[in-house]
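Single-letter residue listing:
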Amino acid sequence: MTGEYLPVPVEMGKEACANIPSSIRYAGFWMRFWAYLLDLIVVGSLNRLLVFPLFHLLGISAERTNMFAPATIATTVVFYAYFVLMTKFFQQTLGKMVFGLKVVDESGQPLTWLTVLFREVIGKFIAKTILFIGFLFVAFSEKKKGMHDQFADTIVVHE
């Protein structure tokens, strides 16, 4: 076999094809949760390997005492840059890669910068601001869409 799909024989009627699952499998809450935890480990590692040594080398305080401290701003930039760039260029972060998940546009179009920025920055900020309830939407919505997915018209699927 070369991995190609075989055509459905003509003898099979609609009744026989009704039991074949659709090709789209939505990613559920727990799969996305574990992928996100892995991404947090990656982002934390990037900050500890790049940001904090650079701050130490330049003699800048690495303490994050308030939201306007240089280290807080730098780690926040790394956090959002990771999610935006990975989602735009690969349609998945490293956590999603490990768990076989991918972010796709609901209409089947390639992800645009506007879609990715709206999903990863604005949508997730709003979802986090209201006590993370926006992420619980994944557990209860039909297509397993979080609030940020609904804002950006995206879905997360198994590859």
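Here is what the cut-offs are and how they apply
- Residues numbered from 1 in each chain as written.
- Predicted model: local features only at pLDDT ≥ 70, side-chain atom pairs only at ≥ 80, totals over all residues.
- Heavy atoms only, no water.
- UniProt positions renumbered as here; feature names shortened; annotations may be inferred.
- Helix = DSSP H or I, 4+ residues; strand = E, 2+ residues; numbered from the N terminus.
- Salt bridge = Lys/Arg side-chain N within 4 Å of Asp/Glu carboxyl O.
- Buried < 20%, exposed > 50% of the residue type's maximum accessible area, 1.4 Å probe, protein only.
- Axes fitted to C-alpha atoms, helices over the stretch in contact; angles between N-to-C directions.
- Parallel < 35°, antiparallel > 145°, perpendicular 65-115°, else oblique.
- Left-handed = near helix turned anticlockwise from the far one by under 90°.
- Contact = heavy atoms within 4.5 Å.

### A look at the UniProt feature "transmembrane region" (unreviewed entry) in the chain
Mapped onto the present numbering, the UniProt feature "transmembrane region" (unreviewed entry) falls on residues 33-55, 67-85 and 121-140. With 100% helix and 0% strand, the stretch residues 33-55 has end C-alpha atoms that lie 31 Å from each other. As a span, residues 67-85 carries 84% helix and 0% strand, and end to end its C-alpha atoms are 23 Å apart.

### Topic: the pattern of salt bridges
Per the stated rule, a full pass over the model turns up seven salt bridges. The salt bridge partner of K145 is E106, with a shortest N-O separation of 2.9 Å. Taken as a pair, K145 in the loop between α6 (133-140) and α7 (147-152) and E106 in the loop between β1 (101-105) and α5 (113-129) lie far apart in primary sequence, 39 residues in all. Judged by relative accessible area, which is 9%, K145 ranks as buried. Note on E106: relative accessible area 33%, which makes it partly exposed. Among the ionic pairs, D149 bridges to R119, the shortest N-O distance being 2.8 Å. Here R119 lies in helix α5 and D149 lies in helix α7, a separation of 30 residues in the sequence.

### Quick look at the packing of helix α2 (residues 29-58) against helix α3 (residues 70-90)
α3 packs onto α2 with a crossing angle of 135° between their chain directions and a minimal axis gap of 10 Å. Classified by the interaxial angle, the pair formed by α2 and α3 is oblique. As for the relative orientation of α2 and α3, their crossing is right-handed in sense. From α2, Y36, D39, L40, V42, V43, L46, N47, V51, F52 and F55 reach across to α3, where they touch P70, A71, A74, T75, V78, F79, Y82 and F83.

### Observations concerning the side chain of N47
Looking at the element boundaries, N47 is found in helix α2. Owing to a relative accessible area of 6%, N47 belongs among the buried residues under this scheme. Setting aside anything within four residues of it in sequence, one finds N47 in contact with F52, P53, T75 and V78.

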